Every structure is written in C-alpha cells, then in structure tokens.
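Examining the three-dimensional arrangement
Single-letter residue listing:
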Amino acid sequence: MSIDPISQQLHNSLIIGGDDGYDSLKFRAYYKGRTAQLRLPSLLAPGAPSRLDLDGSETDLFGYDAIDADTGEQKTFSVGVDQRGLIRTDQQDFMISAGARVLLYHGIRCIAKELDYNESDPVFVMTGLPVETFYIGNKRNVQVIERKLSNLRPDGFAGKPVVAHGKGLCETPTPTFIGCGAEAVAAWYGLSLDVNLNTMKPEVNAINASLKVVVIDWGGRTIDIIPMHQGAPDFTVKRSIHDKGGMYLARKLEQFVKLEKSAEIKYLDRLEYRHYRQALISGTLTIFGATYDVTAQRTSAIKEYALEIAPELFAILEGMTDYTHCLFVGGPVELLLEQKGVDWFPPVMERCKVPEDIGTPYMNAYGLCAQALQAATLHYKSLLQKESA
C-alpha cells in the first residue's frame, strides 16, 4: 500500500506535545511509527552543573546557556534533581523565562534521544498553558500565548535558544513551535482523537467526541475544571481550585513524615520538596543513600487531602449536571480516586476511561501531540500547494 506524500513527511518528522506544567513536564511524541512519553520535574538550578549530588557522589546533570528574552543577559542553568540550589517554577513569569525554555528544550532532547531521532529531520512541537492563563474570559489571551511562543522559537535568539554544554543526549534540535494549546482542553482532544501511526493522521473517536465531558486537570498548584462538548469549552461555568494541587498534597505528606518519622529519619531537615514529591509516587524517601518506607504516611496524607478536596469538587460538579462524564487527568489522580468512602463526582456522572498506554498524567501531552500532528499536516499541505501552484 502506497503512502501519500504528506503522511510520509509526517512519518519522518518528530511530533511532540509538551505539557510544561508548574510541577512537572510531560511529553508525548511520534516518530517513524514509534511513540514515547516521559515526565520530568520542573526543577533546575542556576549555574554550571556541579556533577556532585547532595551526598558527594557523581550524578548525571546537564548544563545549558540561555539568553534572557527581557534583559538580553546570558544565564547558565543545570538540569537534574540531585544538586544544591534548586529553583522552582513558583517565581513570577517562570513559564516565559530563560529557565523555562531550558527545561522544555531539555525535555525535547530527552524524548528525541529515546526515539533515536535523526538530527536532520523536522521537529514540530505544540506546547501549552493553563486554562486560566490561556483565556481571558472566553477569548484566547493572544498576548500571553505569543509571548510564550516567542520565548521558545529559535529565530528570536539567532537560531540558538539554548546552548547545551555537552552532547550526552544528542544535538539540540531546532524545533518549529507550531502552536500553544489550553492544557485541560488538550486532554479532551486526547480523549476524542486516536492517532493512526500508519497514516500519521488523527482520527476522531466518534463515541468519545460526542460525550459531554467535564475535564478535571490536577496540576501542581491549581485544579482546573472545564466542561467540554464537541470541542467547545463552556466558559460560563468553568472553575478552578487554587493552591490545592499536587504541591499541596506533597506538603501534607511532609507534615505526616515530620510528625511520625522524625526519630527514624536522619537528616530530616535536608529533605526538600522534590523528595516528598517523589515519595508520593514511590512511597519511599531517600536521603544520603538511606531509604525510608513512608507508605503509611502517604496513605494518611492522601486520605486527609481527599476528605478536604472532594466535597469542594463535588459541589462544583453538582452545578454541571448537564454533563454526563468526568475526565480526570494529572499526576495524583489514581492515588486519590482509589480512596474508599469518598465521593468525587455526582452519581449522574461517570468517569471517562483513559487509555492504559497513556495514563492520566499524560493526557494533556497526548492531546497537545495530536494537535501538533494536525498543525504539522496543515503545514505540509500548505507547502505542497505552493509547490504545485
């Protein structure tokens, strides 16, 4: 069976959806019939890599230089969690800073290496913004969207938006940032579009696309709640629960650990947010080579958090009962929804099933990747039309 020219070009292009969130970065990519996804914490440190972690042993860090778009100053950052001087994404304008650019490009390099990317092939990236930042009322916040994209595009930095200190991953690709999407809305696209890797075309999942869905996006800082029907957000009832996302849950775990494990854990005062964030996933805390089981404290933190957040979320969803389904996305979702005796949504709604090969943390990235594929298709069609004109 012959493949049409556009499908062939898409097949040989690296297509990436990049959900660079407040707490972590999630990526989904297609390349030459293969798929990959990865998750990285939104953490980096100023200065060149020390190559030493907190206990003095060598670690694999990556150094980058990047120009600050506002000041023109060159800054150096190192990416990797096992080091001193980590900075978080809670500083003002981080999403459009030189540091944010470094993190996104580092993630692009990581996923490119995983897919054995040929450095001469095109790269198309769709990135995202939180719903509250992406929209003003019911309109796209064009100024913020363009500012974010201009902070990433190579042409604004003489073709070198970031300069890697080494080639441990691969040469830094020169991507085309083909657009920016609203992250929770992107999750609906991830539910409603299936990507055919043979034709490299997103195909509408008619059943899922017809559902009236409320997307609940559990971010690091904010829980965004936005109803969706046939691709259209309902701005009249969209809501957000501020400062109660995954970071808030990690802080609850920290409280339980300090209350119940202080006599057992050495160097408790050296534990940082990154340790507790990882402990939510693994149930263990590791410091200076020693590992401690904190599954009981994690269970207590999740239960307390669920009992606090679920009633607030339930009350919001009770006002959205024109909608029939809930799509829960984000890192801590599976841990939360398995809590017994907690009602997360009204009985007139049911939960959407997320494909197992994607998982709830990656639904925004999956939707952004599908949108990137759509945009890249239009790009190649436009080139073909110009050539035939």
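Along every chain, residues carry numbers that run from 1 in the direction the sequence is written. With pLDDT at 70 or above as the cut-off, local features in this predicted model cover only qualifying residues; side-chain atom pairs require 80 or more to be listed or tallied, and sums for whole chains, interfaces and linings still use all residues. Side-chain measures were taken over the full set of non-hydrogen atoms in the model, leaving aside hydrogen atoms and water.

**A few points about the packing of helix α7 (residues 246–260) against helix α8 (residues 273–282)**
For helices, the fitted line uses only the C-alpha atoms of the stretch in contact; every axis is such a line through C-alpha atoms, and the angle between N-to-C directions lies from 0 to 180 degrees. To qualify as a helix, a DSSP run of H or I must reach at least 4 residues; to qualify as a strand, a run of E must reach at least 2; elements of each kind are numbered from the N terminus. With their axes 9 Å apart at the nearest point, α7 and α8 run at an angle of 95° to one another. In terms of axis orientation, α7 runs roughly perpendicular to α8. Across the interface between the two elements, Gly246, Met247, Leu249, Ala250, Arg251, Leu253, Glu254, Val257 and Lys258 from α7 touch Tyr273, Tyr276, Arg277, Ala279 and Leu280 from α8. Under the grouping applied here, Gly and all other residues not named as nonpolar or charged are polar, the nonpolar ones being Ala, Val, Leu, Ile, Met, Phe, Trp, Tyr, Cys and Pro and the charged ones Asp, Glu, Lys and Arg. Looking at the contact of α7 with α8 residue by residue, the class counts come to nine nonpolar, one polar and four charged. Under this scheme an angle from 65 to 115 degrees is roughly perpendicular, one under 35 degrees roughly parallel, and one over 145 degrees roughly antiparallel; angles in between are oblique. We call two residues in contact whenever any of their non-hydrogen atoms come within 4.5 Å of each other.

**Regarding the packing of α7 against helix α9 (residues 295–318)**
Across the interface, α7 lies against α9 with an axial gap of 8 Å and an inter-helix angle of 135°. The angle between α7 and α9 falls in the class oblique. When the axes of α7 and α9 are compared, the crossing they make is right-handed. Residues Tyr248, Leu249, Lys252, Leu253, Phe256, Val257 and Glu260 of α7 touch α9, and the partners they reach there are Gln297, Arg298, Ser300, Ala301, Ile302, Glu304, Tyr305 and Glu308. Class assignment for the residues of the contact of α7 with α9 results in eight nonpolar, two polar and five charged. Helix crossings are classified by the rotation of the near helix relative to the far one: an anticlockwise turn of less than a right angle makes the crossing left-handed, while a clockwise turn makes it right-handed.

**Side note on the sheet that holds strand β11 (residues 176–182)**
Strand order in this open sheet of five strands is β3-β2-β1-β7-β11, and the pairing throughout is mixed. Whereas interior strands pair on both sides, the edge strands pair on one side only; in this sheet they are β3 (34–41) and β11. Strand-to-strand twist of the sheet, defined as the mean angle between neighbouring strand axes without regard to direction, takes the value 20°. Strands qualify as paired when DSSP identifies two bridges or more between them. With six bridges connecting them, strand β1 (residues 14–20) and strand β2 (residues 24–31) associate as antiparallel partners. Along β2, the bridge assignment pairs Gly18 with Phe27. Running at roughly 95° to β11, helix α5 (residues 183–192) makes contact with β1, β7 (123–129) and β11 of the sheet. Lying over the sheet, helix α11 (residues 363–388) contacts β1, β2, β7 and β11, oriented at roughly 140° with respect to β1.

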